[in-house]
Amino acid sequence: MNKAFVREPDRTADYCPRCGSAGTPVGEEVVARYVPEEKRNLDVQSANFCPSPRCPVAYFDAMERFILADELSRPVYPKDPTAPICACFGLTQDDIAKDVEEGGVRRVKAILEKAKSPDARCSTTAADGQCCTAHVQKRYMQLRNGGRHE
């Protein structure tokens, strides 16, 4: 078949120039919240968050410029496991571990409810611009199933 008539797939993600993980697009407000002004060398129109906990890159753009996690103005999850998983309300891994130790879900359930509320500002508060719900549930299940606490 002639390639002139084959449609190229739409680009759905940019990939981290260090680790190759698919980035999560973030807005200008997120970049401004976490990246000190003197470090902002990114095109915020194409800025992405690298979700890999092991990769040192936090943000990158389509031109493969990047900001390392240790250059951010504050620690962010999952780059720093001690940072709040929920940037809006401050839930940490320690809070999730306490629920697991107590055999309940009080803290996790409360944060999942708050995440649905109008007070949640995930798109501008979270380092990846996403709601924490999936991260919280995943971490709870990991700890409940014997995963280690970082």
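Structure report, in brief.

The rules behind these values
Residues numbered from 1 in each chain as written. Predicted model: local features only at pLDDT ≥ 70, side-chain atom pairs only at ≥ 80, totals over all residues. Heavy atoms only, no water. Pairing = 2+ DSSP bridges. Helix = DSSP H or I, 4+ residues; strand = E, 2+ residues; numbered from the N terminus. Salt bridge = Lys/Arg side-chain N within 4 Å of Asp/Glu carboxyl O. Buried < 20%, exposed > 50% of the residue type's maximum accessible area, 1.4 Å probe, protein only. Phe/Tyr/Trp six-rings, centres within 6.5 Å; stacked < 30°, edge-to-face > 60°.

### Section: the pairing of strand 3 (residues 57-60)
Okay, step 1: Pairing geometry for strand 2 (residues 48-49) and strand 3, over two bridges, is antiparallel. Residue pairing across strands places asparagine 48 opposite phenylalanine 60, the latter belonging to strand 3.
Okay, step 2: By the bridge criterion, three bridges tie strand 3 to strand 4 (residues 66-68) in an arrangement that is antiparallel. The residue bridging tyrosine 59 from the neighbouring strand is isoleucine 67, located in strand 4.
Okay, step 3: Between strand 3 and strand 4, which pair antiparallel in sequence order, lie five residues; one of them, glutamate 64, sits at a positive phi of approximately 65 degrees.

### Points about unusual backbone geometry
Okay, step 1: Note the cis peptide between tyrosine 77 and proline 78, where omega equals 5 degrees.
Okay, step 2: By the secondary structure assignment, proline 78 is in the loop between strand 4 and helix 2 (93-102).
Okay, step 3: If you check the backbone angles, glutamate 64 has positive phi at about 65 degrees while not being a glycine.

### Observations regarding the pattern of salt bridges
Okay, step 1: A full pass over the atoms with the stated rule returns five salt bridges.
Okay, step 2: In this structure, aspartate 99 engages arginine 107 in a salt bridge whose closest nitrogen and oxygen atoms are separated by 2.8 Å. Of the two residues examined, aspartate 99 and arginine 107, each falls in the buried class.
Okay, step 3: Ionic pairing is found between glutamate 102 and arginine 107, a salt bridge with its closest N-O pair at 3.1 Å.
Okay, step 4: The exposure class assigned to arginine 107 is buried, which follows from its relative accessible area of 18%.
Okay, step 5: One network of salt bridges, in which partners are shared, links Asp99, Glu102 and Arg107.

### Some details on the packing of aromatic side chains
Okay, step 1: Taken as a whole and judged by the stated rule, the model has one aromatic pair.
Okay, step 2: Taking the centre distance of 5.4 Å and the plane angle of 65 degrees together, the rings of phenylalanine 49 and tyrosine 59 count as edge-to-face. Highlighted residues: phenylalanine 49 in strand 2 and tyrosine 59 in strand 3, separated in sequence by 10 residues. Residue phenylalanine 49 shares its accessibility class with tyrosine 59, and that shared class is buried.

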